[in-house]
Amino acid sequence: DALSEDATEARVNEALQAISTERDWPWLQTSETIATVAGTATDSPPAGWMKTRVLCIDGEEPMEERSLAEIRGVPTTDRGQPTIYTISGDVMIFRPVPDGVYSIIHDYVKVEPALVADANTPLMPEQFHYSIVSKAAELAHMRQRDNARAAQSLAEYNAWLGRMLD
């Protein structure tokens, strides 16, 4: 029935999200180039961004991540090539404030998108898709308070996790 199909879809997506947050999996790592604007100290991470790994200008040392308090301690009147940054909410803040156009390479981890249509497939390599089934089964059994079957599914999931980490 539709209710159980919705519940199954929810468990599959919950399992996929749980797996995707276990590690910074290679298939979720990507990069983009951010072009700064002179006098503009902020930019937004791309859609699907989960966390930043590295920000750098080609040929330069990677930018150093600092706390928001440290960034706020650097006056916005300081202009130049950005060397430090922070991320506050969904905003990247650079210091010094760019005095020109800089191409910043942004290496980041993206979010595994939810599977909502029959044609959707995870970013995860196909050989690991059964890990999603194992994790979803564990979650379903836990919710039904079937601890024995949940433990069995968790063991199966952990075996998949071991293969994925190998």
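Residues numbered from 1 in each chain as written. Predicted model: local features only at pLDDT ≥ 70, side-chain atom pairs only at ≥ 80, totals over all residues. Heavy atoms only, no water.

Engineer: What am I meant to see in the sheet that holds strand β9 (residues 103-110) here?
Structural biologist: By way of backbone hydrogen bonds, the strands of a sheet pair with one another, either parallel or antiparallel. Within the open sheet, the three strands sit side by side as β1-β9-β3. Their pairing is antiparallel. Each having just a single partner strand, β1 (29-35) and β3 (49-57) make up the two edges of the open sheet. Mean inter-strand twist for the sheet, computed between neighbouring axes without regard to direction, equals 30°. Two strands pair when backbone bridges link them, and β3 and β9 are joined in this way by seven bridges, in the antiparallel orientation. Paired with Leu 55 across the strands is His 106, a residue of β9. (Pairing = 2+ DSSP bridges. Helix = DSSP H or I, 4+ residues; strand = E, 2+ residues; numbered from the N terminus. Axes fitted to C-alpha atoms, helices over the stretch in contact; angles between N-to-C directions.)

Engineer: What exactly am I supposed to notice about the side chain of Thr 36 here?
Structural biologist: Mapped onto the elements, Thr 36 comes out in the loop between β1 and β2 (42-43). Classification of Thr 36 as buried rests on a relative accessible area of 6%. Here Gly 100 takes part through its backbone oxygen, which lies 3.0 Å from a polar atom of the side chain of Thr 36. A distance of 2.7 Å separates a polar side-chain atom of Thr 36 from the backbone nitrogen of Tyr 102. If we skip the residues at most four places from it in the chain, Thr 36 touches Pro 98, Gly 100, Val 101, Tyr 102 and Ile 104. (Buried < 20%, exposed > 50% of the residue type's maximum accessible area, 1.4 Å probe, protein only. Polar contact = N/O pair within 3.5 Å; in protein donor to acceptor, adjacent residues only side chain to side chain. Contact = heavy atoms within 4.5 Å.)

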